[in-house]
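Chain residues, written in single-letter form:
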Amino acid sequence: MKPINPSGLSTFDISGRAMAAQLVRMNAIASNLANAGTIAGSEQGAYRALKPVFSATFDGPAATVNVARMARTGTPEKKLDPNHPLADATGHVWAAAVDPNQEMVEMVETARAYANNVEVMSTARGLMLETLRIGK
């Protein structure tokens, strides 16, 4: 039984799409943390943080979220390290453009958003079951 919604999307559809978007966000954060501190021999080869770009999709009065694209962000830091095996002719290397502290904050925020959507689904399920119980 789907909750009545003039848009055709159920509460479960909306929360499920939001959870899927948060999962994409969490995977990007994991990738960023895994690559934090990596070194490259050129600015072009240096890792840049992945950030999902979301777009809203409206279906009547209901709205859901989709991942429009994944963007690379940040500017790699140029460091002088002539003894590093990846150093260029001038002795420079480039560190990944990832701030681990910012990524951890985003991870907590993402986990909370995901948990909130789980709670929405749980509450909707409970209300539906209670409605069926009352209808008996």
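Note that the structure is predicted; figures quoted are calculated from it, not measured.

Participant: I'm lost on the sheet that holds strand 1 (residues 39-40) in this one. Help?
Facilitator: Adjacent strands of a sheet form backbone hydrogen bonds with each other and so pair up, either parallel or antiparallel. Spatial ordering of the open sheet is given by 1-5-4, a layout of 3 strands whose pairing is antiparallel. The sheet is open, and its two edges are formed by strand 1 and strand 4 (77-80), each paired on a single side. Both strand 4 and strand 5 (residues 92-95) contribute to a ladder of 4 bridges, which runs antiparallel. Within strand 5, the position partnered with Lys 79 by the bridge is Val 93.

Participant: Looking at this model, I keep getting lost on the environment of Leu 127. Mind explaining?
Facilitator: With respect to the helices and strands, the residue Leu 127 is situated in helix 2 (residues 100-135). Leu 127 sits in the exposed class, given a relative accessible area of 56%. Sequence separation between Leu 127 and Ala 18 is 109 residues; the distance between their C-alpha atoms is 20 Å.

Participant: Explanation requested: the pattern of salt bridges in the structure shown.
Facilitator: Opposite charge on two side chains allows them to pair when their charged atoms are near. Enumeration according to the criterion identifies 5 salt bridges in this entry. Residues Arg 25 and Glu 109 are paired through a salt bridge, measuring 2.6 Å at the closest nitrogen-oxygen approach. Here the residue Arg 25 occupies a position in helix 1 (residues 11-35), and Glu 109 occupies one in helix 2, the gap between them amounting to 84 residues. Among the residues examined, Arg 25 registers a relative accessible area of 13% and is labelled buried. With its nearest N and O atoms 2.4 Å apart, the salt bridge here joins Glu 130 to Arg 133.

Here is what the cut-offs are and how they apply
- Residues numbered from 1 in each chain as written.
- Predicted model: local features only at pLDDT ≥ 70, side-chain atom pairs only at ≥ 80, totals over all residues.
- Heavy atoms only, no water.
- Pairing = 2+ DSSP bridges.
- Helix = DSSP H or I, 4+ residues; strand = E, 2+ residues; numbered from the N terminus.
- Buried < 20%, exposed > 50% of the residue type's maximum accessible area, 1.4 Å probe, protein only.
- Salt bridge = Lys/Arg side-chain N within 4 Å of Asp/Glu carboxyl O.

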